[in-house]
Amino acid sequence: MAVGRGDLLREVMLSTGTTQSMLSRISGVHQPSISQFLSGRVEFSDEQFDRLLSCMGFRLEVVRRPVVPELTRSERRSWLLHRKLSGRLTRESLEEWLPTIERNLRRLRDGVTGQPHKRNLRRWIVLVDERDVVGLKRVMTGFDRDLIEMREVSPMGGLLTEDERLEVLEGAA
Amino acid sequence: MSTRSVRPASSSATRRSSSSVRSILGTFGEEQLPADATMSIEVDILPIADDNDETARLADLIEGVAGEFSLFEQLHGFSIDGVDLETSALPAGWRDRLVKVQNANTAAPSGEPRFTGWCLDKHDLCVAKLCAFREKDLNFVAALLTAGPVRQDVIAERLPTVAERYREAVVRALGWLAS
C-alpha cells in the first residue's frame, strides 16, 4: 500500500525529533499548514514536501514507474469503450457526435441523483459546451478516481456500432 | 462497488429476467428515497452460479447484451452491468435476506410470465457501500440514515461479518458510522 506524504513527513519528524513548531520556524511554513499536511486535510506538492524534508536533513526521491490500476470489471470495460471512442475524437467528429451526446446528457440529467453524479454530469456539460477535445480525451482515458467516476455518467453512448462495442468487450473478457 | 447497487439474481432469473429495479428499490419505492441518495442509470446484476468463474462468464454475457453503450441502453435509458462476487463486500447471510421482487415491472412485455428479481437487503447494501467508501457511497448511506429507512446499529453489527480481506475497510466504515 502506498504511504501518504503526510505519513512520510510524520515519520521523518519522529525520527529526527522535530516538532511542528520547530519545523515551522526553520522552514517558514506556517505551523497550521504543517498540521494540515500531516493530517491529510491539505495536499502539498513534491516541491513543498522536499522543502520541509530538507529542513530535517533529507531530500525527496520520487520513483516513477507504470503501474496497472486496480479496477473493477465494469470500470475496466468502461475504460476500454471510452478509449476506443477517444481514438476517434477530433474537433470534427465531436461536432458530428453532438446531437447524440446532447440527447444522452438530457437523459442522464433526468436519470441520476445525488453526488458526485450530478457534479460529474455538469463537468461533462462544460467540456462539451467548450468543445474541449483534450479535456474530453483526458476524462475518457484517465485513471484518477474522479475520472473513473465521471465515466459512470458518460454521455458517449450510441457512438460505437454494436459490433465495435462487442469487439471491445471481447478484448476485456 | 459502484454507485449502482448490486442486485443478485438467481441463475434462471438472470437468463430470463429484465427487471429494472435497483437493489434499494426492492425495499422502497423511488418516491420514498431521499433525493440525496446517489443513483446512476446503471443496474448491477450478479448472476448466481456454482463458482465465480461461471458468474464472471455470465456477467460478461449480460454486459454484452445490455451493458454500457448497448442498444439496450439506447432503447430503455439504462444499462445493466454484470458483476461478479469480487465486486463488493457482502455480509454473512446476505443470501438469506434477499428481497424478492416480482410484479408488473418484472413481467415480459405480454404481461406473462412475471420474472423474479432478488434484491439485496437494504442494510446489506449499506454494508457493501460503506466498505467501498467512495463519496457516492457515503452520500448514499448518509442520506438513508438521515431519512430513516436504515438503522445504524444493524449496519454496524453486520459490517464485521464481511470477508476477512475487507478488514481494513470495515474498520474505516465503523469509524465513519461512529463519527
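Residues numbered from 1 in each chain as written. Chains lettered and ligands numbered in written order. Predicted model: local features only at pLDDT ≥ 70, side-chain atom pairs only at ≥ 80, totals over all residues. Heavy atoms only, no water.

Of regular secondary structure, chain B possesses 7 helices and 5 strands. N-terminal to C-terminal, the α/β element order of chain B is β-α-β-α-α-β-β-β-α-α-α-α. Across the 179 residues that make up chain B, the buried fraction comes to 56%. For chain B, the proportion of contacts with a sequence separation of at least 24, taken over those separated by at least 6, is 66%. (Helix = DSSP H or I, 4+ residues; strand = E, 2+ residues; numbered from the N terminus. Buried < 20%, exposed > 50% of the residue type's maximum accessible area, 1.4 Å probe, protein only. Contact = heavy atoms within 4.5 Å.)

Attention now goes to the overall build of chain A. Within chain A one finds 10 helices and 0 strands. Reading the helices (α) and strands (β) of chain A from amino to carboxyl end gives α-α-α-α-α-α-α-α-α-α. Considering only C-alpha atoms, chain A reaches an extent of 65 × 30 × 30 Å along its principal axes. Across the 173 residues in chain A, those meeting the buried criterion constitute 41%. A separation of at least 24 residues holds for 63% of the contacts in chain A among residues at least 6 apart in sequence. Of the roughly 10,000 Å² of accessible surface on chain A, 50% is carried by carbon and sulfur atoms. Here chain A contributes 29 positively and 26 negatively charged side chains, and the mean placements of these two sets differ by 3 Å. (Areas by Shrake-Rupley, 256 points an atom, 1.4 Å probe, with all protein chains shown as cover. Lys, Arg positive; Asp, Glu negative; His and termini not counted. Charge placed at Lys NZ, Arg CZ, Asp CG, Glu CD.)

Another point: helix H7 (residues 167–178) of chain B. All names here are of chain B. Between its first and last C-alpha, H7 extends 17 Å over 12 residues, near the 16 Å set by a 1.5 Å rise per residue. Those residues of H7 lying buried are Ala169, Val170, Ala173 and Leu177. Down the axis, H7 shows its buried residues gathered within 100° of arc, on one side only. Away from the buried face of H7 by more than 90 degrees, exposed residues Glu168, Val171 and Ala178 are located. Buried positions along H7 lie against helix H4 (122–132), helix H5 (135–147) and helix H6 (152–158). (Expected span 1.5 Å × (residues − 1). Arc of directions from axis to C-beta.)

As annotated by UniProt and renumbered to match this structure, "domain: DUF6036" (unreviewed entry) occupies residues 68–145 of chain B. Structurally, residues 68–145 of chain B comprises 36% helix and 13% strand, and the distance from its first C-alpha atom to its last is 30 Å. (UniProt positions renumbered as here; feature names shortened; annotations may be inferred.)

Moving on: the pairing of strand S2 (residues 42–47) of chain B. Residue and element names in this part refer to chain B. Of all 6 residues making up S2, 6 are buried, and the element is well covered by its neighbours. With 4 bridges joining them, S2 and strand S3 (residues 79–82) adopt parallel strand pairing. When the sheet's bridge partners are listed, glutamate 42 is paired in S3 with serine 79. (Pairing = 2+ DSSP bridges.)

Here we come to the interface of chain A and chain B. Facing the 35 residues of chain A at the interface are 34 residues of chain B. Taken over both partners, the interface formed by chain A and chain B buries close to 2,600 Å², and the fraction arising from carbon and sulfur atoms is 46%. There are 8 salt bridges connecting chain A and chain B. Here Arg134(B) makes a salt bridge to Glu75(A), at a shortest N to O gap of 3.7 Å. Our count for the contact surface shared by chain A and chain B stands at 16 residue pairs in polar contact (both at pLDDT 80 or more). Elements with a contribution of two residues or more to the side of chain A that touches chain B: helix H5 (73–86), helix H6 (91–111), helix H7 (117–129), helix H9 (145–150) and helix H10 (162–172) of chain A. Residue contributions to the side of chain A that touches chain B peak at 8 residues, all from H5(A). (Buried area = accessible area lost by both parts, 1.4 Å probe. Salt bridge = Lys/Arg side-chain N within 4 Å of Asp/Glu carboxyl O. Polar contact = N/O pair within 3.5 Å; in protein donor to acceptor, adjacent residues only side chain to side chain.)

Below, the discussion takes up the nonpolar core. Ranked by internal contacts, the top residues of the largest apolar core, which has 38 residues, are Leu85(A), Ile101(A), Trp124(A), Leu136(A) and Met156(A). Once you skip the residues sitting within four places of it in the chain, Leu85(A) turns out to touch Trp97(A), Met140(A), Met156(A), Leu159(A), Leu160(A) and Phe69(B). Leu46(B), Leu138(B), Ile155(B) and Tyr166(B) belong to the second largest nonpolar core, which has 27 residues in total. (Core = buried A, V, L, I, M, F, W, Y, C linked by side-chain atoms within 4.5 Å.)

With that settled, the discussion passes to the pattern of salt bridges. Tallied over the full model, the rule gives 24 salt bridges over all chains. Between Asp7(A) and Arg10(A) there is a salt bridge; the shortest N-O distance is 3.2 Å. Note that Asp7(A) and Arg10(A) are positioned in helix H1 (residues 5–16) at a spacing of 3 residues, about one turn of the helix. For Glu164(B), the salt bridge goes to Arg167(B), with nearest N and O atoms at 3.2 Å. Members of the salt-bridge network, linked through shared partners, are Arg73(A), Arg77(A), Asp60(B), Glu63(B), Asp81(B) and Asp84(B).

Turning our eyes to something else, we now look at unusual backbone geometry. A cis amide bond links Gln115(A) to the next residue, Pro116(A), at an omega of 10°. Omega for the bond connecting Glu112(B) with Pro113(B) falls within 30 degrees of zero, at -5°, which places this linkage in the cis form. Residue position: Pro113(B) is located in the loop between strand S4 (99–101) and strand S5 (117–119). Even without being a glycine, Arg131(A) presents a positive backbone phi close to 50°. One can find Arg131(A) in the loop between H7 and helix H8 (133–141).

Turning to the environment of Ser45(A), a few remarks are in order. Residues and elements named next belong to chain A. Along the chain, the position of serine 45 falls in the loop between helix H3 (31–39) and helix H4 (46–54). Among the residues examined, serine 45 registers a relative accessible area of 31% and is labelled partly exposed. Residues serine 45 and arginine 5, 40 residues apart in the sequence, show an inter-C-alpha distance of 9.3 Å.

Turning next to the packing of H1(A) against H4(A). Residue and element names in this part refer to chain A. Running from N to C, H1 and H4 cross one another at 10°; their axes reach a closest spacing of 11 Å. Accordingly, the angle class assigned to the pair H1 and H4 is roughly parallel. Facing H1, whose interface residues are Arg5, Leu8, Leu9 and Val12, H4 presents Asp46, Phe49, Leu52 and Leu53. Class assignment of the residues belonging to the contact of H1 with H4 gives a composition of 6 nonpolar, no polar and 2 charged. (Axes fitted to C-alpha atoms, helices over the stretch in contact; angles between N-to-C directions. Parallel < 35°, antiparallel > 145°, perpendicular 65-115°, else oblique. Nonpolar A, V, L, I, M, F, W, Y, C, P; charged D, E, K, R; others polar.)

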